[in-house]
Amino acid sequence: MVYDYYASGAEDQWTLQENRNAFSRILFRPRILIDVSKIDMTTTVLGFKISMPIMLAPTAMQKMAHPEGEYATARAASAAGTIMTLSSWATSSVEEVASTGPGIRFFQLYVYRDRNVVAQLVRRAERAGFKAIALTVDTPRLGRRESDIKNRFTLPPFLTLKNFEGLDLGKMDKADDSGLASYVAGQIDRTLSWKDVKWLQTITSLPILVKGVLTAEDARIAVQAGAAGIIVSNHGARQLDYVPATIMALEEVVKAAQGRVPVFLDGGVRRGTDVFKALALGASGIFIGRPVVFSLAAEGEAGVRKVLSMLREEFELTMALSGCRSLKEITRQHIMTDWDSPRALPAPRL
């Protein structure tokens with residue numbers, strides 16, 4: 001049940017496969033004979049300096065994967081010098097995660113029908129030292145995840161959604177289909193709209209990242225609504241099936257944002273080469289989800305550390321072999337895609 005919950009996507013799972021497959025349609029145009037003896041992967045996200053453009057996406061209920069759950073993930077992210085995003089539906093609270101020690105952390109927010117619950121949660125995240133809110137905007141209802149329906153997915157009885165424990169919203173009832181789908185239907189606000197992004201800015205001074213944008217139209221509205229950044233995401237292919245892979249939607253969103261806010265990619269990243277491809281298409285950084293929960297299940301904190309160091313080393317090698325010494329040297333000319341016309345590539349300089 002737990003494996004299926006983490007691994008599966010919505011309906012036919014076409015987008016789930018496409019999130020991966022789309023990367024293989026992007027090829028490199030490496031530049032040679034460049035001194036790559038020193039490579040700088042550092043970057044800043046919302047003004048916070050991190051060691052690499054690889055961050056941890058919010059993934060729910062991590063204690064299903066490992067007894068230490070979000071504690072282990074927080075320590076691994078901090079050790080790697082990068083950002084962890086804590087899910088609203090974590091099995092550890094914002095206060096507990098903050099207690100693991102220093103680190104730059106963002107908080108992913110679901111908007112509940114009861115706005116007092118939302119305001120309280122945002123205040124707790126602020127007090128616990130979280131630095132930004134990642135507002136998930138693609139989930140007015142939960143996608144149809146057929147494995148969860150078949151398994152009658154529910155949170156194991158020894159766990160709770162820790163952030164909601166004191167509000168009597170921490171438990172998930174058994175259901176004839178997916179217990180999570182029933183929970184979402186009962187608690188999450190389907191009326192959520194752009195005016196709520198404005199409302200959120202009135203209750204917090206934290207920057208707001210809009211997570212779940214796939215089109216130029218919504219990217220433009222997000223910028224107008226005061227978003228501090230955009231996360232191009234299809235929710236790990238768990239919401240609407242047959243949306244494009246996030247790497248395919250990325251360039252459209254980047255162009256629409258016109259450099260006014262950073263754009264990040266979430267979905268399908270499994271290799272350092274994938275990170276490079278996302279940055280070449282204009283992303284300011286990427287988020288990984290499933291690699292975190294799978295490595296956590298395998299080896300706890302050490303597993304998550306290992307995944308982060310593997311991705312880091314692969315990305316550094318990709319940069320070196322492409323002739324890039326810093327992130328700003330990674331450009332659109334370093335890749336070609338099957339949607340490039342021959343004219344899109346630069347004319348040779350003689």
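As annotated in an unreviewed UniProt entry, the protein chain is (S)-2-hydroxy-acid oxidase from Hibiscus sabdariffa. The UniProt entry for the protein chain carries the following comment under Catalytic activity (unreviewed entry): "glycolate + O2 = glyoxylate + H2O2". In its Subcellular location (unreviewed entry) section, the UniProt entry covering the protein chain states "Peroxisome".

### Observations regarding the packing of aromatic side chains
Overall, the coordinates contain eleven aromatic pairs when judged by the stated rule. Between Tyr 5 and Tyr 6, the ring centres sit 5.7 Å apart and the planes meet at 55°, which makes this aromatic pair tilted. No difference in accessibility class separates Tyr 5 from Tyr 6, as the two residues are buried. For Arg 115, the ring lying beneath its charged end belongs to Trp 199, and the centroid distance is 5.4 Å.

### A short note on helix H12 (residues 290-322)
Its 33 residues give H12 an end-to-end C-alpha distance of only 27 Å, which falls more than 12% under 48 Å, the value for a rise of 1.5 Å per residue. Remark: the principal bend of H12, roughly 135°, maps to Glu 299. Looking one or two residues beyond H12, the residue adopting positive phi is Gly 323, at roughly 80°.

### With respect to helix H2 (residues 14-21)
Every buried residue of H2 is accounted for by Thr 15, Leu 16, Glu 18 and Asn 19. An end-on view of H2 places all buried positions within 170° of arc, on one side of the element. Where the residues of H2 are buried, they touch helix H1 (2-7), helix H10 (246-257) and H12.

### Considerations on the packing of helix H11 (residues 272-280) against H12
Viewed as axis vectors pointing N to C, H11 and H12 meet at an angle of 60°, and their least axial separation amounts to 7 Å. By the angle between their directions, the pair H11 and H12 is classed as oblique. Where H11 crosses over H12, the handedness of that crossing is right-handed. Seen from H11, the contacting residues are Gly 272, Thr 273, Val 275, Phe 276 and Leu 279; seen from H12, they are Leu 311, Glu 314, Phe 315, Thr 318, Met 319 and Ser 322. Of the residues that constitute the contact of H11 with H12, the class distribution is six nonpolar, four polar and one charged.

### Quick look at the pairing of strand E10 (residues 263-266)
Here E10 shows two buried faces, one formed by Val 263 and Leu 265 and the other by Phe 264 and Asp 266. As judged from the three bridges shared by strand E9 (residues 229-232) and E10, these two strands associate in the parallel manner. Bridge pairing in E10 places Ile 231 opposite Phe 264. Once you follow E9 into H10 and on to E10, the crossover reads as right-handed. Here three bridges tie E10 to strand E11 (residues 285-288), and the two strands are oriented parallel to one another. Bridging from a neighbouring strand, Phe 264 pairs with Gly 285 of E11. Since E10 and E11 lie parallel, the crossover through H11 that links them has a hand, and here it is right-handed.

### A word on the layout of surface pockets
Reported here for the largest pocket is a volume of approximately 430 Å³. Lining the largest pocket are 18 residues, with Val 137, Asp 138, Thr 139, Pro 140 and Gly 212 positioned closest to its centre. At the level of secondary structure, the elements contributing two or more residues to the lining of the largest pocket comprise helix H8 (194-203) and strand E8 (208-213). In the lining of the largest pocket, the residues fall into nine nonpolar, six polar and three charged.

### Examining the pattern of salt bridges
Under the criterion given, the structure shown has 15 salt bridges. Residue Arg 124 pairs with Glu 95 through a salt bridge whose shortest N-O separation is 2.8 Å. Of the two residues, Arg 124 is situated in helix H5 (residues 115-127) and Glu 95 in helix H4 (residues 94-98); the sequence distance between them amounts to 29 residues. Across the pair Asp 196 and Arg 115 runs a salt bridge, and its minimum N-O distance is 2.7 Å. With Asp 196 in helix H8 and Arg 115 in helix H5, the pair connects residues that are 81 residues apart, well separated along the chain. We classify Asp 196 as buried; its relative accessible area is 7%.

### Some points on the side chain of Glu 251
Here Glu 251 shows up in helix H10. There is a polar contact of 2.7 Å between the side chain of Glu 251 and the side chain of Arg 332. When neighbours within four sequence positions are excluded, Glu 251 is seen to be in contact with Leu 281, Arg 332 and Trp 339.

How each quantity is defined
- Residues numbered from 1 in each chain as written.
- Predicted model: local features only at pLDDT ≥ 70, side-chain atom pairs only at ≥ 80, totals over all residues.
- Heavy atoms only, no water.
- UniProt positions renumbered as here; feature names shortened; annotations may be inferred.
- Phe/Tyr/Trp six-rings, centres within 6.5 Å; stacked < 30°, edge-to-face > 60°.
- Buried < 20%, exposed > 50% of the residue type's maximum accessible area, 1.4 Å probe, protein only.
- Lys NZ or Arg CZ within 6 Å of the ring centre and 35° of its normal.
- Helix = DSSP H or I, 4+ residues; strand = E, 2+ residues; numbered from the N terminus.
- Expected span 1.5 Å × (residues − 1).
- Bend = angle between axes of the 7 residues up to and from the residue.
- Arc of directions from axis to C-beta.
- Contact = heavy atoms within 4.5 Å.
- Axes fitted to C-alpha atoms, helices over the stretch in contact; angles between N-to-C directions.
- Parallel < 35°, antiparallel > 145°, perpendicular 65-115°, else oblique.
- Left-handed = near helix turned anticlockwise from the far one by under 90°.
- Nonpolar A, V, L, I, M, F, W, Y, C, P; charged D, E, K, R; others polar.
- Pairing = 2+ DSSP bridges.
- Right-handed = clockwise from strand over helix to strand, strands pointing away.
- 1 Å grid on protein atoms, 1.4 Å probe; cavity = no way out; pocket = protein on both sides within 12 Å on 5 of 7 lines; lining within 4 Å.
- Points joined across faces, edges and corners; volume = space filled by probe spheres on them.
- Salt bridge = Lys/Arg side-chain N within 4 Å of Asp/Glu carboxyl O.
- Polar contact = N/O pair within 3.5 Å; in protein donor to acceptor, adjacent residues only side chain to side chain.

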